[in-house]
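Analysis of the macromolecular model
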Amino acid sequence: MSEIPAKATESEDPSDGARTGAAGGGATDEMPPPADAMWQSSPPGSIYDYIKVASFSIGPDGHVDQWSLRAEQLFGIPAERAVGMDPIEAFIDPGRREQGQRKMAEILDGREWTGVVPFRLPAEADDGTAVRTERGPSGLAEVYVMPTRTAEGDKAAVCIVVDVRILRRMETDLAASQAIFGQSPFGFLLIDTDLRVRRANERFASIFGGRPDDHRGKGVHDYLPRAEADRVSATLRRVLENGESITDMHVTGFVPGSDERRHWSINLYRVHSGSGRPIGIAWLGTDITARRAAAREAAAARRNLALLNEAGARIGNSLDLETTARELLDVVVPGFCDLATVDLYQGLLAGDETPSGLADGSAELRRVAFASAVSGAPLTAGTGEPVEVGAVHHFAFNSRCADALRTARPQIVPGEEGGLVHSTLAVPMVAHDTVVGLAQFARTKGSEPFGDRDRALAVELAARAAVCIDNARLYRREHERALILQRSLLPPGDPEASGLDIACRYLPGNAATGRPSEVGGDWFDVIELPGHRTALVVGDVMGRGLRAAVAMGELRTAVRTLALLDLEPAEVLSQLDEIARGLGAPGGVQQATRAARRPREADLSEVYLATCVYAVYDSVTRRCTFANAGHLPPVLVEPGEPALMLDVPPGMPLGVGGEPFEEVEVELPEGALLALYTDGLVESRDHPLDEGLQAFVGALTDPGRPLEDVCDHVLNTLGSHHGEDDIALLMARVQGLPAESVGDWTLPREPRSVGRAREYARAQLLAWDLEPLVDTTELLVSELVTNALRYGEGEIRLRLLLDRTLVCEVWDSGLVQPRRRRARDTDEGGRGLQLVGLLSAAWGSRRTPRGKTVWFELPLPDGESTLTDPAEALLSLF
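Reading guide: rules and limits
- Residues numbered from 1 in each chain as written.
- Predicted model: local features only at pLDDT ≥ 70, side-chain atom pairs only at ≥ 80, totals over all residues.
- Heavy atoms only, no water.
- Helix = DSSP H or I, 4+ residues; strand = E, 2+ residues; numbered from the N terminus.
- Buried < 20%, exposed > 50% of the residue type's maximum accessible area, 1.4 Å probe, protein only.
- Areas by Shrake-Rupley, 256 points an atom, 1.4 Å probe, with all protein chains shown as cover.
- Contact = heavy atoms within 4.5 Å.
- Pairing = 2+ DSSP bridges.
- Axes fitted to C-alpha atoms, helices over the stretch in contact; angles between N-to-C directions.

Next up on the list: the overall build of the protein chain. Assigned secondary structure in the protein chain consists of 22 helices and 34 strands. For the protein chain, the residues scored as buried account for 47% of the 878 residues in total. Surface exposure of the protein chain reaches about 43500 Å², of which carbon and sulfur atoms provide 50%.

Turning next to the environment of Leu189. With respect to the helices, strands and loops of the structure, Leu189 is situated in strand E9 (residues 187-191). Through-space distance from the C-alpha of Leu189 to that of His215 is 9.5 Å; in sequence the pair is 26 residues apart. Excluding anything up to four places from it in sequence, Leu189 contacts Val197, Arg199, Ala200, Phe204, Ile281, Ala282 and Trp283.

This paragraph deals with the environment of Tyr760. For Tyr760, the location among the structural elements is in helix H19 (residues 752-767). Exposure remark for Tyr760: the relative accessible area of 27% places this residue in the partly exposed category. For Tyr760, the residues in contact, after removing those within four places along its chain, are Trp745, Leu747 and Leu798.

Strand order across the open sheet formed by five strands is E10-E9-E13-E12-E11, with antiparallel pairing between neighbours. The two strands at the open ends of the sheet, each matched to only one other strand, are strand E10 (197-200) and strand E11 (246-253). Strand-to-strand twist in this sheet, taken as the mean axis angle between neighbours without regard to direction, amounts to 30 degrees. Pairing of E11 with strand E12 (residues 262-272), which is carried by six bridges, proceeds in the antiparallel orientation. What sits directly across from Met249, in E12, is Ile266. Helix-sheet contacts for helix H7 (residues 226-242) involve E9, E11, E12 and strand E13 (278-287), and the interaxial angle to E11 is about 160 degrees. Each of E11, E12 and E13 touches helix H8 (residues 289-314); the most contacted strand, E12, lies at about 130 degrees to it.

Here's what the structure looks like:
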């Protein structure tokens, strides 16, 4: 053992020099080092960076004769005070001083000693200097005492002191370090300043293979793909340069022996030595592959729920097939796929419930919708050729799309080599156990392939859309059938009437709005009446759909029947009211009448209400009689005058009952325009009725134009006012019979009137250049005048009317209506009305306010039709 002289000269290292007091050869003039002086100035990496070591020497008298600067910092006592002190008295507790004195004697006797000695650390005085008090904090030091001799040969000792607290802390840190490197479940690396692995723990080695020492000297490029390694290296340099810690940096790579992509969460922070110098980077990694997968699953579940919610909100808002299909594609593109199409069976769209090829998937389909987020090219039908929207096509029998249609199960269709699409999910659209079409969802290359969750979601979306499409299909079928029914009940072609120029329009609600809607109960009719009179009818059954169309048909038939009975307009509406009340009653009109007398709560019959305006126009007198059942007023435009609404008492709607209807008679000037219409023309949700009526009246500014042009002008002008209701518009321009087309005579009630009537008829027909009709007309006129003389009352009136046909009327004051009967072979009479029926195109009788009128009608000779020979008609009666 080398000995250290007790009185050594001052060390060349100022940080390790000793102060010598008076007892040690005189005091020095050097100032003590500052409190924050470094413990060492040796090269970096020394153990003394972490351990506090101090030294002092004890003279032959057992007192301190040298006190180093480190001892001064460790114990807090300056050298001036420490030199000459008894270390036992100064640092040892009173209870241990006796034992300390014995040890000191042994040391001065030449024995080495090593041990742990408790001592008290100095406390601070008020002026900040360290003082020794009994109340100072205690400490624990490991002391190594080496005997030595002074220059005079006296026994002395040199003491080396180490702060045990630092040693214990180092033991704890070392244990923690061993736990990290040997027991931590996280991968840990210590990377040096050259970005090379200095040390790896067991967990890291178990993932990347080998022993921990095998990874020493490797870099991040040995573990990660190039692009990822470059990114991580740049991050490591930044941490090493600025000391900024990195938390939860996601790194992607592969582990040896596996092609599965792994994900790690990396935490980085800079590591310093005891002197504060950066020595490397600590890398703490956690495998988050499972967590990322779970997060993706959760995100996919949330996305699917969001898509389903969006589908529930957006699909099915319209009863239009194409719109519903586009709504499905708006939901799935681009949130679920990149391209999508919807194909529906062409036969089902046409109304066929079981089109051929439906069972094997080879039936024709029509592409109704297409959407793309990346390309405008439609998906092919398996033939390589693109299919445009609206095109009809079919899938090959052995194709996967056809298989999906046959089995009603989704199929994955791989994309074509070199194409844009890498896979397509073909999903049959099933509604009410019936496949109505096929939806295709495609993802382009680079997108995630379809999984089981995607397939289930696609089936659910397609099923929801299929139900909505099937409902729209069923609605369209019902709507078309109701529309066909309604149109079949309206007058075919352009109606014609004597003394009137007629133009009409009927528009279903969807024709004006472009949206599907239920058919309404609007109707109009033009009915020819005897005597060149015309009945004009416009009505509207309240409600929509097939029920309203059927009710409209029944009411229209009833109106025509009542009109041919030649009843007055008010009486027609009264009878029609009774019929409307009986439409919803199981027992008809009588049951409805009895139900009306019972309390209201006992009436469980269905109620049918309708509005109607009924007008009868006489082309001879140009007078028109109106009756109104809750309908909008007619509009009249006289030549040179503004349009006005006629003041016709509206009355109650048909089906209400209990109220009579009033009549209004108006004389219409030549060239006047009369318009009848339904509320769909003048009323909508956005425009009130008054505004629509004013717009309608204002649109009739030029009644002299052709009626067809007037109708078109009105519809174009009021197009913005039209909502979802039907439109029925009937316009008539007055063109009365000229006076030269009317022959009117009054005959006395005497037998000579029969011959006079024949003379009047012959002369008038010859004046009209209708000589082929003279014989037949004379014969029939004589029959009717004879009947009026025999069975009628009052004076007799004969009237001939020439328009599109020849009409002959015989008037009298009798109320008894003629009735045709079949005469027996032995009867001498009873064949007059039979003869009238044989020779005329039509005949009949009607009541008048002062009696009755019996009439017959003959067609005008046109060179093609042949008249019945009166002689042959007479012979046929026998």
